Amino acid sequence: MSKGKVVVVGAGPGGLTSAMLLATRGFEVQVFEKEPVLGGRNAALKLGDYTFDIGPTFFMMKFILDQIFKETGRQAEDYLDFKLLDPMYRLQFEDREIYISSDTEKMQAEIDRHFPGNEGAVQNFLSREEKRLKKLLPCLQRPYSSWTDLLAPEVLQLLPRLSLGRSLFDVLGDYFSEEQLKLSFTFQAKYLGMSPWECPGAFAIIPFIEHNFGIYHIQGGLNQISEMMGKIVQEEGGQIHTSTPVSKIMVKEKRACGVELEDGTRVEADKVIINADFAHAMNELFDPGVLKKYNSQALERKKYSCSTFMLYLGLDREYDINHHNIVFARNYRENVDDIFKNFKLSDDMSIYIQNPTITDPGLAPAGHSALYILVPIANRQAPVEWNEQQVKYYRDLVLQTIKEKTSLKDIEEHIVQEKAITPLNWEQDFSVYRGATFNLGHNLSQMLYFRPRNRFEELDDCFLVGGGTNPGSGLPTIYESGRIATRLICSDYNLPYDL
Ligand SMILES: Cc1cc2nc3c(=O)[nH]c(=O)nc-3n(C[C@H](O)[C@H](O)[C@H](O)COP(=O)(O)OP(=O)(O)OC[C@H]3O[C@@H](n4cnc5c(N)ncnc54)[C@H](O)[C@@H]3O)c2cc1C
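The model shown is predicted, which means the values in this text are computed figures rather than measured ones.

Asker: Where do I start with the overall build of the protein chain in this structure?
Answerer: Helices and strands together make up the secondary structure of the protein chain, namely 15 helices and 19 strands. Computed over its C-alpha atoms, the radius of gyration of the protein chain comes to 22 Å, within 12% of the 23 Å expected for a compact globule of 499 residues. Considered along the principal axes of its C-alpha atoms, the protein chain spans approximately 65 × 50 × 45 Å. Nonlocal contacts in the protein chain, meaning residues at least 24 apart in sequence, comprise 71% of its contacts between residues at least 6 apart. Per element, the accessible surface of the protein chain, about 19400 Å² overall, is 48% carbon and sulfur. With 54 positive and 68 negative side-chain charges, the protein chain shows a spacing of 6 Å between the two charge centroids.

Asker: What's the story with the domain arrangement of the protein chain in this structure? I'm lost.
Answerer: By a widely used convention, the size of an interface equals the accessible area lost when the partners come together. Domain annotation for the protein chain reports domain 1 (5-82 + 220-302 + 440-492), domain 2 (86-214) and domain 3 (307-377 + 387-421). Taking only C-alpha atoms, the centre of domain 1 and the centre of domain 2 are 28 Å apart. Contacts between the two partners involve 21 residues from domain 1 and, on the opposite side, 23 residues from domain 2. Taken together, domain 1 and domain 2 are joined by zero salt bridges. Here domain 1 is connected to domain 2 by four residue pairs in polar contact (both at pLDDT 80 or more). Elements with a minimum of two residues in the side of domain 1 that touches domain 2: α2 (62-70) and α15 (475-492). It is α15 that provides the largest number of residues to the side of domain 1 that touches domain 2, a total of four residues. Class assignment of the residues belonging to the side of domain 1 that touches domain 2 gives a composition of twelve nonpolar, six polar and three charged.

Asker: Could you clarify how one ought to interpret a nonpolar patch on the surface in this entry?
Answerer: Judged by side-chain polarity, W147, L151, L156, L159, L164 and L444 come together as a nonpolar surface patch covering roughly 600 Å² of accessible area. With respect to the element layout, W147 can be found in the loop between α4 (121-139) and α5 (153-158). W147 gets classed as exposed once you look at its relative accessible area, which sits at 54%.

Asker: How should I be thinking about the nonpolar core in this particular structure?
Answerer: In this structure, F59, I225 and Y312 are the most contacted members of the largest nonpolar core, which totals 115 residues. Discounting chain neighbours no more than four positions away, the residues touching F59 are L65, F82, G214, I215, Y216, I218, L222, I225, L475 and Y479. In this structure, F278, A281, A436 and L440 belong to the second largest nonpolar core, which totals 29 residues.

Asker: Honestly, the sheet that holds strand β17 (residues 369-377) in this entry has me stumped. Any pointers?
Answerer: Pairing between the strands of a sheet is mediated by backbone hydrogen bonds and can be parallel or antiparallel. One open sheet holds the seven strands; their spatial order is β7-β6-β15-β16-β17-β14-β18, and the pairing between them is mixed. The sheet is open, and its two borders are formed by β7 (97-100) and β18 (415-421), each paired with just one other strand. For this sheet, the mean angle separating the axes of adjacent strands, direction not counted, is 15 degrees. Sheet analysis places strand β14 (residues 307-315) next to β17, joined by nine bridges and oriented antiparallel. Each bridged residue has a counterpart across the sheet, and for G314 the counterpart in β17 is A370.

Asker: Please explain the side chain of D149 as it appears in this structure.
Answerer: Mapped onto the fold, D149 is located in the loop between α4 and α5. D149 sits in the buried class, given a relative accessible area of 16%. In this structure the side chain of D149 is engaged in a polar contact, spanning 2.8 Å, whose partner is the side chain of R142. One polar contact links the side chain of D149 to the main-chain amide nitrogen of S145, over a distance of 2.5 Å. Every residue in contact with D149, bar those within four places of it in the chain, is listed here: R142, P143, Y144 and V155.

Asker: Can you help me understand the pattern of salt bridges in this one?
Answerer: Pairing of side chains with opposite charge becomes possible as their charged atoms draw close. Taken as a whole, this structure holds 39 salt bridges when the rule is applied. Ionic pairing is found between R317 and D410, a salt bridge with its closest N-O pair at 2.9 Å. In this pair, R317 sits in the loop between β14 and β15 (324-327) while D410 sits in the loop between α13 (388-405) and β18, placing the two residues 93 residues apart along the sequence. For R317, a relative accessible area of 30% translates into the label partly exposed. Between R455 and D492 there is a salt bridge, with its nearest N and O atoms 2.9 Å apart. Linking R455 in the loop between α14 (423-428) and β19 (462-464) with D492 in helix α15, this pair joins segments that are 37 residues apart in sequence. Linked by salt bridges that have partners in common, K392, R395, D396, K403, E412 and E418 make up one network.

Analysis parameters
Residues numbered from 1 in each chain as written. Predicted model: local features only at pLDDT ≥ 70, side-chain atom pairs only at ≥ 80, totals over all residues. Heavy atoms only, no water. Helix = DSSP H or I, 4+ residues; strand = E, 2+ residues; numbered from the N terminus. Rg over C-alpha atoms; globule rule 2.2 N^0.38 Å. Contact = heavy atoms within 4.5 Å. Areas by Shrake-Rupley, 256 points an atom, 1.4 Å probe, with all protein chains shown as cover. Lys, Arg positive; Asp, Glu negative; His and termini not counted. Charge placed at Lys NZ, Arg CZ, Asp CG, Glu CD. Domains from an automatic or database assignment. Salt bridge = Lys/Arg side-chain N within 4 Å of Asp/Glu carboxyl O. Polar contact = N/O pair within 3.5 Å; in protein donor to acceptor, adjacent residues only side chain to side chain. Nonpolar A, V, L, I, M, F, W, Y, C, P; charged D, E, K, R; others polar. Patch = residues over 30% accessible without salt bridge, like charges linked within 9 Å, V, L, I, M, F, W, Y side chains within 5 Å. Buried < 20%, exposed > 50% of the residue type's maximum accessible area, 1.4 Å probe, protein only. Core = buried A, V, L, I, M, F, W, Y, C linked by side-chain atoms within 4.5 Å. Pairing = 2+ DSSP bridges. Axes fitted to C-alpha atoms, helices over the stretch in contact; angles between N-to-C directions.

Have a look at this one:
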């Protein structure tokens, strides 16, 4: 059978992964991206001479990206300059700061210094969680097309490792006794936009992945991954059309047969891959009545991640704080409840500050810095009106908190460039449903077989990739979604996936 025409809606990490893998395998690939730049939430933001990553800044599970580049016949190192970060990050509590390292000896020494009585805890955590990852990873790399997939040997073997009924915070209690130490290994639930007290215990694999494989920065910013994937799509003859929004998925007799662009052009295709935010795409890209399982009422009932308030600051001085810094709220539990239960803005917030110019000076002019500030907050379910006054109020509060709690006492005086992104911007400018920046929640009822499938169950010849689909949000799992969709398309053509 001949290789077909594939249209990809959106040039985010998920869409670009499948576009480059399919283009390498001889498919005729066209990517349509509504924005003038590639990368979606993983794009670069340029403010004057300063460069920021809009979204992802922690790069984990490098081996997955390495494999995917290999599967296009390339080495990731030929395209990207990776820097392993040690320490991985600095955690700032009211009474102490802890440097977190993926070097087990250094990490244990830091724990012994702050929390005597936890001897051997890191090694114990690593050995037990390694077993969990071994069982979980194959389940995150496969499609779920029917309930019989739940009977696959790897899925059945995973069941005892899911820590059913236990939260991430409960599971970490098995290794560490002190509250701050448990927080140091559970705040990672926020990477999924979840609370450590709600996040399924199985996600103990995330701190394990950090501690076992380390965290990387990529020179130029993580946006370079999307940039380079776009380059590979084009090297392989694929086409990327930026500033070209898709207005509709064309459907004929329960099969996706192409896309209609906003200017009215109709592009026919054998396969359609949707990378636009899952819930946004379901609501906006189909004629009424086409979708049953994912109609707008059903989407409303699903659980979504939190949102974020972002500040990107170009500053005319350097700071010697660590590359990644997390400043905890005074009362972390209350802050988490405000985000996920009370749906209100906390005055006592937790703040993530990235100071990438300490590793990558090219992101700002010499002697300057480009700070990225992220505050997890409730998504658009919260009754907050993000007007100009509200943005200014929260921006001032965030900067005030940073001045009070960190060594960055003078940042306000040194701001040369500045941009804020609110939940409303995520929703309207980035087309993210409810401004839930980390997509559909990762509760077990929305994972694996129960998460939107890579082979879309509502239409033939339609595939879903990206953070709101199987296997989940976060760059490595998003790359997996693109790889799974590619494997499924190859199998439809009886083509081997391996080159
Ligand atoms: C603030 C923030 C911090 C994050 N930090 C990390 C991190 O440190 N590490 C990590 O691994 N992950 C992180 N993530 C999560 C995740 O990696 C990113 O959100 C990632 O970019 C999501 O990729 P995606 O493929 O799902 O889609 P997106 O990046 O959302 O891309 C979808 C694309 O579709 C386009 N599109 C939408 N509608 C249309 C249309 N109608 N026509 C054409 N194009 C359309 C959009 O413009 C966009 O380019 C973070 C996310 C955010 C927002």
